[in-house]
Amino acid sequence: MIPTEDASARKREIEDKLKQLTLTFCQVSILSSFESRLMQLENSIIPVHKQTENLQRLQENVDKTLSCLDHVIRPPGTVIDRYVTLEHLPEAVLQDIICISAWLVEYGRNQDFMNVYFQVRSSQLDRSIKGLKEHFRKNSATSAMHSPAVQTKRKETPTKKPPKRPGTIRKAQNLLKQYSQHGLDGKKGSNLTPLEGKDDVLDIEIDSYIHCISAFVKLAQSEYVLLTEIIPEHHQKKTFDSLIQEALDNLMLEGDNIVSAARRAIMRHDYSAVLTIFPILRHLKQTKPDFDATLQGTAASTKNKLPALITSMETIGAKALEEFADSIKVDHTQRLMVPVMTSESSSSASSYSSEFSRRLLSTYIYKVLGNLQLNLSNKAKVYEDPALRAVFLHNNYNYILKSLEKSELIQLVAVTHKKVEGSYRELIEQEIQNYQRSWLKVTEHLTERNIPAFQPGTKLKDKERQIIKDKFKGFNEGLEELCKIQQGWAVPDKEQRDAIRQAEKRVVSEAYRAFLQRCANISFTKNPEKYHRYSPEQVEEMIDKLFDTSA
């Protein structure tokens, strides 16, 4: 029999061991649970971490792409001065993908990964183009709003501003743009002095589209280089064709929308809207060789998308030009537009095609000018006063000539019509002469016609005295009437205005001085001041106030 004390001690020992075992079991359970939860957390975190890392890498790649394109892509007509390699994937990741691709092709016999590849890269390509467009728009808007008086603390990457394009298209547009604003009528109030025109900068949306076209070619070329390292050779062309479809279709759709907008504008007889077509058309033609090289090996439907857009733009542009030229005959408020076909259009154009294009353009502008001249002649008929009609035509012929000279279009027209400048100068001089005929009713009273030969001191007969009185009266009334009327007319060109005044002063003043000299020693009235109202100097002052409403 076990003593009571020993039994109690044994019991306490067993209870202590049970407590230790229970505590150990609880600790193991807690650790096991913690380990299980830690594994679950790790399984959850690792994919998120990897995804975040991928997204961060993609974002960095997009930022790098935008930065590179921002500095590399130049507006049409400029040369890319350096090459930039876009890093689509880190080298280690790329090598892993190449190994996986090779294994899947050799052992997996599963081609689905190529579909996944082109879908992912297609989305990335389209997103890069859209990102560039948004980046360009924001930077263009920022540049437009920037003021030297406002200093910003934020340091931004400088963006090259699209250069002004004072090419043929804008020069020709300005030829009648200001003309349509001013009217160049012969009357004051409907006249404004021609303003100095500035070379227009292409609309931000148009520049954005042009940049995106260039960006697509560069990015597509880069995608193809990447693709050749991952996709088996006999699948490369098909995969690349699928990869570029989304971005290419979006660009072509935007181009079609531009054409549609121009077509609707033409239906409203708003021919200036087609000006957006020409810079894009020029750039598409410049880019086409690179486009064709990049899309080599793709399906015919893919290759034909750019040529189809070019054809649409050429068709709508030709339609607008033809209708505009015809509309000029009846509406002088239209603006002159011409296609960009000069040597500035393409650095790769041959000398023959460039010269041929210049001759075509020269012929077209000459046709428009001819229609405009016919239109002006018809509109001049509304003026009953021949002198006012002459001023109207003089103002417009002179304005057109000055605009041609200022825009340098005169040299272009001279390619096929060398005497165009001389022809306009002859028209201007002819209208000046037509205007000067209005003063004949003033100077005709100063001629010697019907005035008998007088000897000093000879007493005149009543009939002879009346002849001299009538001549003074006719001159005075004619001078006052013309000066009053023509003071309200307009000759905006100061040089022309001064020349017309000076010529008229010389003719009238010389005739008036000669008439006064003949009548100097003749007594034809008891009140000579009634008839001899003006001195030659006063007459010249009155003529100096012609075409001056402030007088």
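Residues numbered from 1 in each chain as written. Predicted model: local features only at pLDDT ≥ 70, side-chain atom pairs only at ≥ 80, totals over all residues. Heavy atoms only, no water.

**Quick look at the overall build of the protein chain**
Part 1 of the reasoning: Scanning the protein chain for helices and strands turns up 18 helices and 0 strands.
Part 2 of the reasoning: Partitioning the contacts of the protein chain with sequence separation of at least 6, the portion at a separation of at least 24 is 80%. (Helix = DSSP H or I, 4+ residues; strand = E, 2+ residues; numbered from the N terminus. Contact = heavy atoms within 4.5 Å.)

**Some thoughts on the environment of R137**
Part 1 of the reasoning: By secondary structure assignment, the location of R137 is in helix α3 (residues 112-145).
Part 2 of the reasoning: Along the primary structure R137 and I204 are separated by 67 residues, whereas in three dimensions their C-alpha atoms are 6.8 Å apart.
Part 3 of the reasoning: Setting aside residues no more than four positions away along its own chain, R137 makes contact with I204, E205 and S208.

**Comments concerning helix α6 (residues 233-267)**
Part 1 of the reasoning: Compared with an ideal rise of 1.5 Å per residue, which puts 35 residues at 51 Å, α6 spans 50 Å between its outermost C-alpha atoms and is within 8% of the ideal.
Part 2 of the reasoning: At Q245, α6 shows its strongest bend, of approximately 45°.
Part 3 of the reasoning: Immediately downstream of α6, the backbone of H269 shows phi near 65°, a positive value. (Expected span 1.5 Å × (residues − 1). Bend = angle between axes of the 7 residues up to and from the residue.)

**As for the packing of aromatic side chains**
Part 1 of the reasoning: Within this structure, the stated rule accounts for 8 aromatic pairs.
Part 2 of the reasoning: Arranged with centres 5.3 Å apart and planes meeting at 45°, the rings of Y383 and F392 form a pair that is tilted.
Part 3 of the reasoning: Note on Y435 and F547: the rings are 5.9 Å apart at their centroids and 50° apart in plane angle, and the pair reads as tilted. Taken as a pair, Y435 in helix α13 (residues 420-436) and F547 in the segment after α18 (536-544) lie far apart in primary sequence, 112 residues in all. Of the two residues, Y435 and F547, neither departs from the other in class, the shared state being buried. (Phe/Tyr/Trp six-rings, centres within 6.5 Å; stacked < 30°, edge-to-face > 60°. Buried < 20%, exposed > 50% of the residue type's maximum accessible area, 1.4 Å probe, protein only.)

**Details of the pattern of salt bridges**
Side chains that carry opposite charge are capable of pairing whenever their charged atoms lie near each other.
Part 1 of the reasoning: For the structure shown, the criterion picks out 17 salt bridges.
Part 2 of the reasoning: Two residues, E254 and K133, come together in a salt bridge whose shortest N-O distance is 2.6 Å. Highlighted residues: E254 in helix α6 and K133 in helix α3, separated in sequence by 121 residues. You'll find E254 and K133 in the same group, each marked buried.
Part 3 of the reasoning: One continuous salt-bridge network, built from bridges that share partners, spans E405, E421 and R425. (Salt bridge = Lys/Arg side-chain N within 4 Å of Asp/Glu carboxyl O.)

**As for the nonpolar core**
Part 1 of the reasoning: Core analysis: the biggest nonpolar cluster contains 112 residues, and F216, Y424, Y435, W439 and L479 have the highest contact counts within it.
Part 2 of the reasoning: The element that contributes the greatest number of residues to this core is helix α5 (residues 204-230), accounting for 13 residues.
Part 3 of the reasoning: Counting contributing residues per domain, this core is built from domain 2 (329-333 + 352-441) and domain 3 (447-550), each supplying no fewer than three.
Part 4 of the reasoning: Residues within four places of Y424 in sequence aside, it is in contact with L369, Y397, I400, L401 and L404. (Core = buried A, V, L, I, M, F, W, Y, C linked by side-chain atoms within 4.5 Å. Domains from an automatic or database assignment.)

**Digging into unusual backbone geometry**
Part 1 of the reasoning: Here the phi dihedral of H269 falls at roughly 65°; this positive angle occurs in a residue that is not glycine.
Part 2 of the reasoning: Residue position: H269 is located in the loop between α6 and α7 (277-294).
Part 3 of the reasoning: The phi torsion at F547 lies on the positive side, around 60°, for a residue other than glycine.

**Concerning α7**
Part 1 of the reasoning: The end-to-end C-alpha separation of α7 is 24 Å, in line with the 26 Å expected for 18 residues at 1.5 Å each.
Part 2 of the reasoning: Of all the bends in α7, the greatest reaches close to 45° and is centred on K288; the proline P289 follows between one and four positions later.

**Some details on the packing of helix α15 (residues 462-486) against helix α16 (residues 494-518)**
Packed helix pairs are specified by the crossing angle of their axes together with the interaxial distance, meaning the distance between the axes.
Part 1 of the reasoning: Direction vectors running N to C along α15 and α16 enclose 155°, while the axes themselves pass 12 Å from each other. Regarding the angle of α15 to α16, the classification is roughly antiparallel. Remark: the crossing between α15 and α16 carries left-handed chirality. Residues K471, F472 and F475 of α15 form the contact with α16, whose participating residues are V508, Y512, F515 and L516.
Part 2 of the reasoning: Counted by class, the contact of α15 with α16 contains 6 nonpolar, no polar and 1 charged residues. (Axes fitted to C-alpha atoms, helices over the stretch in contact; angles between N-to-C directions. Parallel < 35°, antiparallel > 145°, perpendicular 65-115°, else oblique. Left-handed = near helix turned anticlockwise from the far one by under 90°. Nonpolar A, V, L, I, M, F, W, Y, C, P; charged D, E, K, R; others polar.)

**Quick notes on the side chain of N476**
Part 1 of the reasoning: By secondary structure assignment, the location of N476 is in helix α15.
Part 2 of the reasoning: Looking at N476, its side chain comes within polar contact range of the main-chain oxygen of Y531, at 2.8 Å.
Part 3 of the reasoning: Filtering out sequence-adjacent residues up to four positions away, N476 remains in contact with Y531, R533 and Y534. (Polar contact = N/O pair within 3.5 Å; in protein donor to acceptor, adjacent residues only side chain to side chain.)

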